[in-house]
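Okay, here's what each chain looks like letter by letter:
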Amino acid sequence: NFTDMKLSTTETKEKILEGEFEGWDDIRLPFLRALKRRGYTPDAFVNYSLDVGITENDKKVSKQEFFKLVNHFNKEVVDAVANRYFFVAEPVMIKVKNAVARDVKIELHPDFEARGYRKFKTKDEFFISQKDYDALEDGKLNRLMDCLNFVKKGKTFMFDSQDHAVYKDAKAKGPIMHWLPADAKMIDVEVKLEDGSVLKGKGEEGMAELVEGAIVQLERFGFCRLDKKGKKMSFWYMQR
């Protein structure tokens, strides 16, 4: 018995006919068709059922408890499948003063080197998300993931170092953030979120090779499924 999930098919059908929901696979619905479209796997639900088990008494489960377990079992499956990519939502450009031009090579998946690498040519201008930009504080050491460290001083962003160990040992640390070189080829990306809203931004060029239905992890954002491929890449959010 789910205590706080609306599972009435009669009420849902009426809302679909009234246009409140797009269909039975609307991302806001907790039905299997919607969860499948988001990228949830059959194994996640099988393992959830085995974990809950069978007893003589009815069980009550909250939405939070249900998704906590299902997400755990689903991640065990999709984590190995999903290659990693950068997605910068609502991009803002920063210029890191004194940053040295370099080639950055990042594994498509940290556990499977044979899958290859994503390669970037960086200079001193980068796109970061609006959320990360708003979190920057003066004097703190920030890190562009797998690239470089910098410090914000007023409206200036100063290069500090490239070594991750320097960031790790810093006493005053800001966020680690994903990024894209400002002069790189980028792809228009949108991600449909659990509440039906859409987050827009830019993705790295390598995403163009993905096929519809592909499961990916957008770095520091979450696992997503590519729902539609065209002039822009439309993903559905799955889980953290």
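Below, the structure is looked at part by part. (Residues numbered from 1 in each chain as written. Predicted model: local features only at pLDDT ≥ 70, side-chain atom pairs only at ≥ 80, totals over all residues. Heavy atoms only, no water.)

Observations regarding the overall build of the chain
- A tally of helices and strands in the chain yields six helices and 16 strands.
- Its C-alpha atoms put the chain at 65 × 40 × 40 Å along the principal axes.
- Expressed as a percentage of its 240 residues, the buried residues of the chain come to 43%.
- A sequence separation of at least 24 residues applies to 59% of the contacts in the chain between residues at least 6 apart.
- Side-chain charges of the chain comprise 43 positive and 41 negative groups, with the mean position of each set lying 4 Å from the other. (Helix = DSSP H or I, 4+ residues; strand = E, 2+ residues; numbered from the N terminus. Buried < 20%, exposed > 50% of the residue type's maximum accessible area, 1.4 Å probe, protein only. Contact = heavy atoms within 4.5 Å. Lys, Arg positive; Asp, Glu negative; His and termini not counted. Charge placed at Lys NZ, Arg CZ, Asp CG, Glu CD.)

As for the pairing of strand β3 (residues 91-97)
- Burial along β3 is one-sided: Val92, Ile94 and Val96 are buried, while Pro91, Met93, Lys95 and Lys97, pointing the other way, are not.
- Pairing between β3 and strand β9 (residues 156-161): two bridges, direction parallel. Bridged to valine 96 within β9 is phenylalanine 157. (Pairing = 2+ DSSP bridges.)

What to know about the nonpolar core
- Formed by 20 residues in total, the largest nonpolar core has its most connected members in Phe126, Leu144, Leu148, Phe150 and Trp179.
- Listing elements by their share of this core, those giving two or more residues are β3, β4 (102-107), β6 (125-129) and β8 (148-153).
- With residues near it in sequence (within four places) discarded, phenylalanine 150 still touches Ile94, Val96, Leu136, Lys140, Leu141, Asn142, Leu144, Phe157, Met158, Phe159, Asp160 and Met177.
- Phe87, Leu108, Val189 and Leu210 belong to the second-largest nonpolar core, a separate cluster that totals 19 residues. (Core = buried A, V, L, I, M, F, W, Y, C linked by side-chain atoms within 4.5 Å.)

Observations regarding the sheet that holds β8
- Reading across the sheet, the seven strands line up as β10-β7-β8-β9-β3-β6-β11 and stay open at both edges, with mixed pairing between neighbours. Each edge of the open sheet is held by one strand with a lone partner, namely β10 (173-177) and β11 (180-181).
- Examined bridge by bridge, β3 and β6 share five bridges and lie antiparallel to one another. Residue pairing for β6: isoleucine 94 is matched across the bridge by phenylalanine 126.

What about the side chain of serine 234?
- Here serine 234 shows up in strand β16 (residues 233-239).
- Judged by relative accessible area, which is 14%, serine 234 ranks as buried.
- Look past the residues within four positions of serine 234 in its chain and what remains in contact with it is Glu190, Arg225, Leu226, Asp227 and Lys228.

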